[in-house]
Amino acid sequence: MRNQPPNRVNQQAAVPVIDLQGLRAGDCDATKTVVEQVSQACQNTGFFQVSGHGIDNRLIERMFAVSGEFFDLPRATKNHIEQAGSVPGGLMYCPLMTETLAGSLGEAAPGDLKENLDFGPGFYGVDWPNEPTKLRSTWHQYYDALSTLAGELRRVFALAIGLTE
């Protein structure tokens, strides 16, 4: 029998939502179900969303609120934060129109109409600003929560491709 070509992504396919609640509870049957759903999603659509991820909604709301406070600051205040720096785990800021993601296509393109903050222990940025006052603590809490979730998902990916946890 000849090898079949890989499944092509159905342009009309909805992105599946996979509930991680049972996985997080340590239920073996639920874990098997999640692993199978992730495997199917990766093979059929290439994407999936998760629910039941265990990240506290209050933390998510605080993250959005404190980030919004930062982006609401005057441009001159935000521009004191550079795109890179020498502080491990520091903050990085890209002002409006300083990135050109469409430029990766090899064509000239105008700057993107977005600004962004970035942070991670492996990145080098600048010292965290004094305002908003809860920016650093909230971002660290959120990063820790996402790191836990990422570990759970790595475990699922390993099982989905037949590796051990």
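So, a few notes on the structure that sits alongside this text. As the structure is a prediction and not an experimental result, all values here were calculated from the model.

### Comments concerning the pattern of salt bridges
Summed over all chains, the structure comprises four salt bridges. One salt bridge connects Asp 56 with Arg 58, and the closest N-O pair in it is separated by 2.7 Å. A relative accessible area of 34% places Asp 56 in the partly exposed class. Salt-bridge contacts for Glu 99 lead to Lys 114; the nearest nitrogen and oxygen are separated by 2.2 Å. Linking Glu 99 in the loop between β4 (92–94) and β5 (116–118) with Lys 114 in the loop between β4 and β5, this pair joins segments that are 15 residues apart in sequence. Take Glu 99: its relative accessible area is 25%, and that puts it in the partly exposed class.

### Considerations on a nonpolar patch on the surface
Together, Leu 96, Met 97 and Leu 113 make up an exposed nonpolar region whose accessible area comes to about 330 Å². You can see Leu 113 is positioned in the loop between β4 and β5.

### Digging into the side chain of Glu 152
Assignment of secondary structure puts Glu 152 in helix α5 (residues 135–160). Overall, the relative accessible area of 18% leaves Glu 152 in the buried class. Apart from the residues lying within four places of it in its own chain, the contact partners of Glu 152 are Arg 24 and His 53.

### Details of the packing of aromatic side chains
Per the counting criterion, the structure on display carries six aromatic pairs. On the numbers, 5.5 Å between centres and 80° between planes, the contact of Phe 70 with Phe 71 is edge-to-face. Judged by relative accessible area, which is 1%, Phe 70 ranks as buried. Given the relative accessible area of 25%, Phe 71 is considered partly exposed.

### Some points on α5
In this model α5 runs 37 Å from its N-terminal to its C-terminal C-alpha over 26 residues, within 8% of the 38 Å that 1.5 Å per residue would give. Among all positions in α5, only Leu 135, Thr 138, Trp 139, Tyr 142, Ala 145, Leu 149, Glu 152, Leu 153, Val 156 and Ala 158 are buried. Those residues of α5 hidden inside the fold are in contact with α1 (21–24), α2 (28–44), β2 (49–51), α3 (57–71) and β5. Remark: Gly 162 follows α5 within two positions and exhibits a positive phi of approximately 85°.

Calculation criteria
- In this convention, every chain numbers its residues from 1, walking through the sequence in written order.
- Per-residue local features of the predicted model are confined to residues with pLDDT of at least 70, and side-chain atom pairs are confined, for both listing and counting, to 80 or more; whole-chain, interface and lining totals are unaffected and use all residues.
- Note that the side-chain values use all heavy atoms of the structure and ignore hydrogens as well as water.
- Salt bridges are defined as contacts in which a side-chain nitrogen from Lys or Arg sits within 4 Å of a carboxyl oxygen from Asp or Glu.
- Burial here depends on accessible area, computed with a 1.4 Å probe over protein chains only, as a share of the maximum for the residue type. Under 20% is buried, over 50% is exposed, and the range in between is partly exposed.
- We count a stretch as a helix when DSSP gives it H or I for four or more residues in a row; a strand needs E for two or more, and each element gets its number in order from the N terminus.
- Distance thresholds for patches are 9 Å for like charges and 5 Å for nonpolar side chains (Val, Leu, Ile, Met, Phe, Trp, Tyr), applied to residues having over 30% relative accessible area and no salt bridge.
- Note on areas: these come from Shrake-Rupley sampling with a 1.4 Å probe, and a residue is covered only by the protein chains present in the view.
- When checking whether two residues touch, look at their non-hydrogen atoms; a contact exists if any pair is within 4.5 Å.
- Between the rings of Phe, Tyr and Trp (Trp by its six-membered ring), a pair exists once the centres lie within 6.5 Å; its type follows the angle of the planes, with under 30 degrees stacked, over 60 edge-to-face, and the other angles tilted.
- Every helix has an expected span of 1.5 Å times one less than the residues it contains.

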